[in-house]
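Here are the chains, one letter per residue:
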Amino acid sequence: RLWAGVISNLDTDSIEWLNTSIKTWPVSVAVSTHWYPRKGSGPTVAHTGFRSREDEMSALKAVIKSRPFGVSEFGYHTSSWSSGWGPCKHQHQLSDATVAEYAQWEWDFWERVGAEFAVWYQLNDAPAADSPERFGIRRVSGEWKPVASTFIKRT
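Values in this document were obtained by computation on a predicted structure and should not be read as measured data.

Caption draft 1: View of the pairing of strand S1 (residues 3-7). With 4 bridges connecting them, S1 and strand S2 (residues 30-35) associate as parallel partners. Among the inter-strand pairings, tryptophan 3 is bridged to a residue of S2, identified as alanine 30. Handedness of the S1-helix H1 (residues 12-21)-S2 crossover: right-handed.

Structure below.
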C-alpha cells in the first residue's frame, strides 16, 4: 500500500489543505499524519478549532472517507521551554512519568480511533541537554526512559 505523508498535525489549516489536495489522488493512496500537542498541553487537549480529539478525528475521517490512515509521528518531549517574558517568565518541563502517561493515552487513542499504525518520535534523545529534541525513549547514555514501557501492549 502506498502511504502519503500528508499533514503535519490535525489542525484546521492542515485538514483544509488535505480536503483540497486529496481530491486529485488515486483512491488507493492511504493517508498519514503527525500529531503533536500545542505547547504545554496534554493528550486530551484538541488543536484550536476543535472541541476534542474525537472532533479532530471526525474532521479527518470526513475528508479521507474510507481511506486507511496512520500516524507517522507523535510524541512528547522532556526538554524545558519557557513562557512569558521578563519577571513573568516561567520554565516548564514534562517529567518522565508524565510523558509515559501521555504516551500510553496516545497508544490507546490511536488504536480506538482505527489508526493502522502509530510511530513514536524518536528512539534517542538529542545529545545536548538544552536541545528541544528530547523526545527519545532512550537517554543519550542508552538508558531506557519510562516512556519505553508504553511500547508493550497490555491486554
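Caption draft 2: Here's a closer look at the pairing of strand S3 (residues 69-74). Pairing of S2 with S3 involves 5 bridges; the strand directions are parallel. What sits directly across from serine 32, in S3, is glycine 70. Regarding the hand of the β-α-β motif, the stretch spanning S2, helix H2 (residues 53-64) and S3 is right-handed. Strand direction decides the pairing type here: S3 and strand S6 (residues 118-120), joined by 2 bridges, are parallel. Looking at S6, one finds that phenylalanine 74 is bridged to tryptophan 120.

Caption draft 3: Molecular detail of unusual backbone geometry. A cis amide bond links tyrosine 121 to the next residue, glutamine 122, at an omega of 15°. Checked against the element boundaries, glutamine 122 lands in the segment after S6. Look at lysine 65: it is not a glycine, yet its phi comes out positive at around 55°. Tracing the backbone shows lysine 65 in the loop between H2 and S3.

Caption draft 4: Layout of the environment of valine 71. By the element assignment, valine 71 lies in strand S3. Considering only alpha carbons, one finds valine 71 and serine 32, 39 residues apart in sequence, at a separation of 5.4 Å. When residues no more than four places from it in sequence are discounted, the contact partners of valine 71 are Thr33, Trp35, Trp110, Ala115, Phe117, Ala118 and Val119.

Caption draft 5: The arrangement of the sheet that holds S2 in detail. Pairing is parallel in the open sheet, where 4 strands are placed in the order S1-S2-S3-S6. Edge positions in the open sheet fall to S1 and S6, since each of these has one partner strand only. Across the sheet, the axes of successive neighbouring strands diverge by a mean angle of 25°, strand direction being ignored. The strands touched by H1 within the sheet are S1 and S2, with S1 carrying the most contacts at an inclination of about 135°. Here H2 sits on the sheet in contact with S1, S2 and S3, set at roughly 130° to S3.

Caption draft 6: Expanded view of the packing of aromatic side chains. Counted under the stated rule, the structure contains 10 aromatic pairs. Ring geometry for tyrosine 36 and phenylalanine 135: centres 5.8 Å apart, planes at 75°, overall edge-to-face. On the criterion of sequence distance, the pair formed by tyrosine 36 in the loop between S2 and H2 and phenylalanine 135 in the segment after S6 is long-range, its members being 99 residues apart. Judged by its relative accessible area of 15%, tyrosine 36 falls in the buried class. For phenylalanine 135, a relative accessible area of 10% puts it in the buried group. Aromatic side chains tryptophan 105 and phenylalanine 109 sit 5.0 Å apart centroid to centroid with 15° between the ring planes, which places their arrangement in the stacked category. Of this pair, tryptophan 105 and phenylalanine 109 both sit in helix H3 (residues 96-112), 4 residues apart, roughly one helical turn. Positioned above the aromatic ring of tryptophan 35 is the side chain of arginine 53, whose terminal nitrogen or guanidinium carbon lies 3.5 Å from the ring centre. For the cation-ring pair, arginine 53 lies above phenylalanine 109, with the distance from its terminal atom to the ring centre recorded as 4.6 Å.

Definitions and limits used
Residues numbered from 1 in each chain as written. Predicted model: local features only at pLDDT ≥ 70, side-chain atom pairs only at ≥ 80, totals over all residues. Heavy atoms only, no water. Pairing = 2+ DSSP bridges. Helix = DSSP H or I, 4+ residues; strand = E, 2+ residues; numbered from the N terminus. Right-handed = clockwise from strand over helix to strand, strands pointing away. Contact = heavy atoms within 4.5 Å. Axes fitted to C-alpha atoms, helices over the stretch in contact; angles between N-to-C directions. Phe/Tyr/Trp six-rings, centres within 6.5 Å; stacked < 30°, edge-to-face > 60°. Buried < 20%, exposed > 50% of the residue type's maximum accessible area, 1.4 Å probe, protein only. Lys NZ or Arg CZ within 6 Å of the ring centre and 35° of its normal.

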